[in-house]
Structure formats: C-alpha cells, structure tokens
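Chain and residue survey
Chain by chain, the residues run as shown.
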Amino acid sequence: MTQPPNILIVDDEEHIRKIMSIMLGKHGYNCRLAASGEEALELIAQESFNAIFTDMKMPGIDGLELLARVKADNPEQVVVVVTAFTSVDTAIQAMKAGAYDYVAKPFKEDEIILILEKALERGRLLDENRLLRKQIKERFDISSFLGDSSAMHKVFDLIAKVAETRATVLITGESGTGKELAARSIHQNGPRRERPFVPVNCGAIPPNLMESEFFGHVKGAFTGADQAKKGLIAESDGGTLFLDEVAELPLDMQVKLLRVLQEEEVRRVGELKSSKVNLRVVAATNKDLKEEIEAGRFREDLFYRLNVIMLKMPPLRERPEDIPMLAALFLKQAVEKNGLGEKKFSPGALRVLMEQRWVGNVRALRNAVEQVAVMSEGEVITPDDFPFGPRAAEAVQAAPVAGQSVSCGDGFAVSIPETAVDLKAALKEVTEATERVIIDRVLKDHKGNRTHAAEALGLSRRALITKIQAYNLD
Ligand SMILES: Nc1ncnc2c1ncn2[C@@H]1O[C@H](COP(=O)(O)OP(=O)(O)OP(=O)(O)O)[C@@H](O)[C@H]1O
Ligand SMILES: [Mg+2]
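The rules behind the values
- Residues numbered from 1 in each chain as written.
- Chains lettered and ligands numbered in written order.
- Predicted model: local features only at pLDDT ≥ 70, side-chain atom pairs only at ≥ 80, totals over all residues.
- Heavy atoms only, no water.
- Helix = DSSP H or I, 4+ residues; strand = E, 2+ residues; numbered from the N terminus.
- Buried < 20%, exposed > 50% of the residue type's maximum accessible area, 1.4 Å probe, protein only.
- Contact = heavy atoms within 4.5 Å.
- Areas by Shrake-Rupley, 256 points an atom, 1.4 Å probe, with all protein chains shown as cover.
- Near = heavy atom within 4 Å.
- Polar contact = N/O pair within 3.5 Å; in protein donor to acceptor, adjacent residues only side chain to side chain.
- Nonpolar A, V, L, I, M, F, W, Y, C, P; charged D, E, K, R; others polar.
- Phe/Tyr/Trp six-rings, centres within 6.5 Å; stacked < 30°, edge-to-face > 60°.
- Pairing = 2+ DSSP bridges.
- Axes fitted to C-alpha atoms, helices over the stretch in contact; angles between N-to-C directions.
- Patch = residues over 30% accessible without salt bridge, like charges linked within 9 Å, V, L, I, M, F, W, Y side chains within 5 Å.
- Salt bridge = Lys/Arg side-chain N within 4 Å of Asp/Glu carboxyl O.
- Core = buried A, V, L, I, M, F, W, Y, C linked by side-chain atoms within 4.5 Å.
- Arc of directions from axis to C-beta.
- pLDDT = per-residue confidence, 0-100.

**Remarks on the overall build of the chain**
A count of helices and strands for the chain gives 19 helices and 16 strands. The burial tally for the chain puts 44% of its 474 residues in the buried class. Pairs at least 24 residues apart make up 68% of the contacts formed inside the chain by residues separated by at least 6 positions. Counting only carbon and sulfur atoms, one obtains 52% of the accessible surface of the chain, whose full area is about 25,000 Å².

Structure follows, in structure tokens:
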C-alpha cells in the first residue's frame, strides 16, 4: 500500500531534469519529468504528486503560471520553485503565490533532499489533520449507535466480530433501520479506521457517469472530462467502500465491480495500466436481493461475493424496548440543535411512541421526536403533543378499509389487520400488548416495587396490581 513518494520535476533544460531525477532517485523517490508547463499540467491531470519541483523561467506556461493553475485546482499541492540564483525576487513572488519553498540554482543534493523531506512531512501532516477531523466527526456519530434489545445486542456482537476482518458484509433491513450507521461502525471499529470510509449511493449516480465515478478517468478520456478524476474505488484504497442501495447498480456495472473485487485492481477510464487496490466492501440494501436475482436484475455471482457475512438490521417495531432510549437521545439532540429549554417525555408519551409501527423505523422516530420537540410548549411532552396521539387512535377506529395502513404523518403508520371486522378489538389487542411491555419494564426499573412503579405510571397501586395479574407479570 505504501508506494514511494511520486515527485514531478518540471524544467525546460534537459540536464537539470536529469540531475534532479538522479539525485531524487538515489533516495528512493519516484520521479516523473516534464519539459514544459504544458506537459506538467497534462501529467498532473493524470496522476497525483506528493511534491512538484518547477523551474521558473520556461517558454509558454512558466513556473508562476503553473503554480497558480496547480494551486487553483488543489490548494494543498506542495510546489517547490527552482530559480536562478540571481532572481530571488521571482522566488519571493512564488512564495506569495503559495509555493512551499524555493531552491536557487546551482543546488546541492543535500539541499534538495532536505527541502523535499520537509515538504513531504508537511503534506503528511495536512493529510493526517484532514483524516483526524473526519474521524472525530464519525466517531461522534457512531458513538450514539444505541440499542438494548436482544436483537440489537446481536447486531453489536456481529459488528464487533467482523470489524476486525476484511470480510465483505451485506447489510439488509428496511429503510431507516440504521444500515449506514452499522456500516460506519464496522469501519470505525476495525483496523482500517485510520483510512477513508467512502459511502456511495448506487441509486444516485447517473448511469452514464457511473463508470468514471467508480473507476476514475484520465483527463480528456471523454467529452467533458477536462480534469482527471481518482474514482471512488481508488479513494477507498486501504479503507472501506460502502455500496449503499447496491440493488440499484445497473447490470453492466455489477459485472465490472465484481471484476474489481476479484482482481483487486482498478483501471481508470482512458488509462492503459491498472493499479492495485486494497479495499474492504460493505454493501447495503433494503431490497430482497434473492428476489432481484430471480427477476434478473441482480447478478448471482456478485451477490455471493458481497454476501460473505449477512447483517440484518431489525425493524424498530420488533424492538419497542429500544424506543425510550432512542427517543431520549433524539430529544436531547433536538433540544441542543434548536436551542430549546430542557424537555422530557411523560411516561404516557413514551407509551405512544412505543405503540407506533414506525414504517420509516429509526429515521421516522427521529423526525417525529424532532418535530414534537420544536412544537410542544411545556417542559414535559405528553401524548397530546403528538399528531398520532389519542387523536390518531380515533382515526384508526374510523378508518373505512381494513387491510390498509393509515398514515399518521411522516413515515409512521398504523396497520389495520386484514381480518379486522372489529377494529376496536384490534386496537385493544395492540394497546394491551404494548401496555404489558411498558409495565414489565417499569417494574424492572423499580426493582419490583409496585408503589413506585404505580407512581411512575400514573396509576393507583390497586389498578397496577390488577394489570399485573391480567398480564401474568407476577
Ligand atoms: N440504533 C441507532 N441508534 C441511534 N441512531 C440511529 C440508530 N439507528 C438509526 N439511527 C439514526 O436513524 C437515521 C437513519 O439511519 P441510517 O441512515 O443508518 O438508516 P438506513 O438503514 O441506512 O436507511 P435507508 O435504507 O433509508 O438508507 C440516522 O439519523 C441514524 O443516525
Ligand atoms: Mg442508508
């Protein structure tokens, strides 16, 4: 993975190019040579350089202009200018235009190497800073990957196990269940965490740009390619490529991607030689890939290549016990983000949240909590603050058609059983099941103390005991 630093030497005098490349070559640097500013720009469009040495006085595009163009494209590119001893003025001009340093001709080998080492060190620091900043952000994001249900414990255990490896992981699950969060967490908890995590939404790239987005291209590879591009695969070298919504990949791209994964080599559009890449792939989809294969929309060979380890994110409605902690987190975040006063949910409000079917899963919960945080007036959020509180329950009872879902706003819905001749009975059943979960939890929270639990639930002790018996919670 670590290749020798790539250095570009630009000078119109052949013997200077030669001397410099010999000096640098002795120290293990990889050198590319350009006899003019024009030639240099062409090379820069095609490969990346850790540092560029350029002569100042050249016919055509001179050193200053080259410097300006390079910096405009990539402000962090390290450029060292080489000047005749007599023209220190231009050197100063170059420094002002963003050159890292300058060397006066004639130069000694030590001098060149020292400057180069310093310059490369600076480049490394810049890279490191950028990566650190990104990591801090990501760590922060995934540090709030929550769940205490047994289903989520299984997810966390699997992530911890596979994070150490390079195995390809296929994450499935409904929309909003946390597939991307899981992918980031696999990356962050493994040995690649210092390297990039590159998310790609396969459904969002226009088909005609797909190849160059993934594989990159050289300058002029096709109409409109007026700059070279690295490509997402090369960008994730050493790190993790996250193929989100992988079912949306067109079939021809599936073939090409499979080849890259098998050969671990990538060739940019318009380039002859391919380069090695070392990446880890995590893919996600909310579609049933087996069905996609049957329908001829997904290649079986790619499926097997991706599905080495399968991680299924459980829908939120199957783990209502996670809802209070998620809701508390999202409420805290919404309060901070919107500069609101302190807020909390009443037990009744939590019950309402736990009763929803959350078709849009955690994302829908997050939106609902954010909305209620902003809209509610008091410090305590009650069931009446929700658009789907007791009023929505009435809507269910009044709903005319069974077998459909009644949407109660953004991403949540209450589904009406097919056979629900008696909608009232259906509602009662759902409510009771949820009530049982909540009472059980509150009792545990209060270590079985019924007086305290009754208080927390806003019930009389007697009413609680009746319910405990009715639900067999003894
Ligand atoms: N267990 C969790 N803890 C905290 N936040 C979560 C959890 N799961 C999901 N989220 C949050 O819910 C939102 C949706 O998560 P994410 O984008 O990972 O879902 P997804 O499965 O990729 O959705 P889609 O299929 O729509 O792309 C994000 O804001 C994420 O931070
Ligand atoms: Mg996603």
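**A short note on the environment of A104**
Relative to the helices and strands, A104 resides in strand β5 (residues 101–105). Taking relative accessible area as the criterion, A104 reaches 19% and is therefore assigned buried. Sequence separation of A104 and V81 is 23 residues, and the distance between their C-alpha atoms is 8.5 Å.

**Let's talk about the site of ligand 1**
Within the structure, ligand 1 sits among 18 residues, and L146, S175, K179, R363 and R366 are positioned closest to it. The contact in question runs from an oxygen atom of ligand 1 to an N or O atom on the backbone of G176, over 2.9 Å. A total of 640 Å² of accessible area belongs to ligand 1 in isolation, and the protein chains cover 86% of it. Residue assignment for the shell around ligand 1 shows that the elements contributing at least two residues are α7 (179–188), α13 (323–338) and α15 (361–375). A breakdown of the residues in the shell around ligand 1 according to their chemical character gives seven nonpolar, six polar and five charged.

**A short note on the packing of aromatic side chains**
In this structure the tally under the stated criterion is five aromatic pairs. Seen in terms of ring centroids, F145 and F156 are 5.1 Å apart; in terms of plane orientation they differ by 85°. Their pairing is edge-to-face. Of this pair, F145 sits in the loop between α5 (109–142) and α6 (150–163) while F156 is found in helix α6, placing the two residues eleven residues apart along the sequence. Given the relative accessible area of 13%, F145 is considered buried. Note on F156: relative accessible area 23%, which makes it partly exposed. Plain terms: the ring middles of F303 and Y304 are 5.2 Å apart, the flat faces sit at 70° to each other, and that makes the pair edge-to-face.

**Details of the sheet that holds strand β4 (residues 79–84)**
Ordered by their spatial adjacency, five strands build an open sheet running β2-β1-β3-β4-β5, and the pairing between neighbours is parallel. Strands with a single pairing partner mark the edges of an open sheet, and in this sheet they are β2 (30–34) and β5. The sheet shows a mean angle of 20° between the axes of neighbouring strands, direction not considered. In this structure, strand β1 (residues 6–10) lies alongside strand β3 (residues 51–55), joined through four bridges in parallel fashion. Bridged to I7 within β3 is A51.

**Observations regarding the pairing of β2**
In this sheet, β2 lies alongside β1 in parallel orientation, the contact comprising five bridges. By the bridge assignment, V10 is partnered in β2 with A34.

**Topic: a nonpolar patch on the surface**
Side chains of V88, I92, M95 and Y102 sit close together on the surface and give an oily, nonpolar patch of about 290 Å² of accessible area. Sorting elements by how many residues they give to the nonpolar patch places helix α4 (residues 88–96) first, with three residues. Considering the arrangement of structural elements, one finds V88 in helix α4. Note on V88: relative accessible area 35%, which makes it partly exposed.

**Some points on the sheet that holds strand β7 (residues 197–201)**
Spatially, the five strands line up as an open sheet ordered β7-β8-β11-β6-β12, and their pairing is parallel. In this open sheet, the two strands that pair with only one neighbour each are β7 and β12 (309–312). Going across the sheet, the axis of each strand differs from the next one's by a mean of 20°, ignoring polarity. In terms of strand pairing, β7 meets strand β8 (residues 240–244) through five bridges, oriented parallel. Each residue of the ladder has a partner; that of V200, found in β8, is L243. The sheet contacts of α6 involve β6 (169–172), β11 (280–285) and β12, and relative to β12 the element is tilted by about 150°. Of the strands in this sheet, β6, β7, β8, β11 and β12 touch α7, which is tilted by about 155° from β6.

**Some words on the environment of K71**
As for its position among the elements, K71 is in helix α3 (residues 63–73). Here K71 is in contact with E76, Q77, A97 and G98, once residues within four sequence places are set aside. Among the polar contacts listed, one links the side chain of K71 to the backbone oxygen of G98, at a separation of 3.2 Å.

**Considering the nonpolar core**
Ranked by internal contacts, the top residues of the largest apolar core, which has 36 residues, are F345, L353, W358, L365, F386 and I439. For this core, the elements supplying multiple residues, two or more each, are α13, α14 (347–355), α15, α17 (423–445), α18 (450–457) and α19 (461–470). Residues within four places of F345 in sequence aside, it is in contact with A327, A328, L331, L350, L353, V369, V372, V380, I381 and F386. If you look at the next biggest cluster of nonpolar residues, it comprises 31 residues, including M210, V246, L257 and V260.

**Quick word on α3**
Within the span of α3, buried status applies to G63, L66, L67, V70 and K71. Within α3, the buried residues cover an arc of 125° as seen down the axis, which keeps them to one side. Away from its buried face by more than 90 degrees, α3 exposes A72 and D73. Residues of α3 that are buried in the fold lie against β1, α2 (37–46), β3, β4 and α4.

**Let's talk about the confidence of the model for the chain**
Of all residues in the chain, 88% have pLDDT values of 70 or greater, and the mean over the chain is 86. Scored below 50 in pLDDT, residues 391–421 shows 56 contacts in the model against residues more than four places distant or in partner chains.

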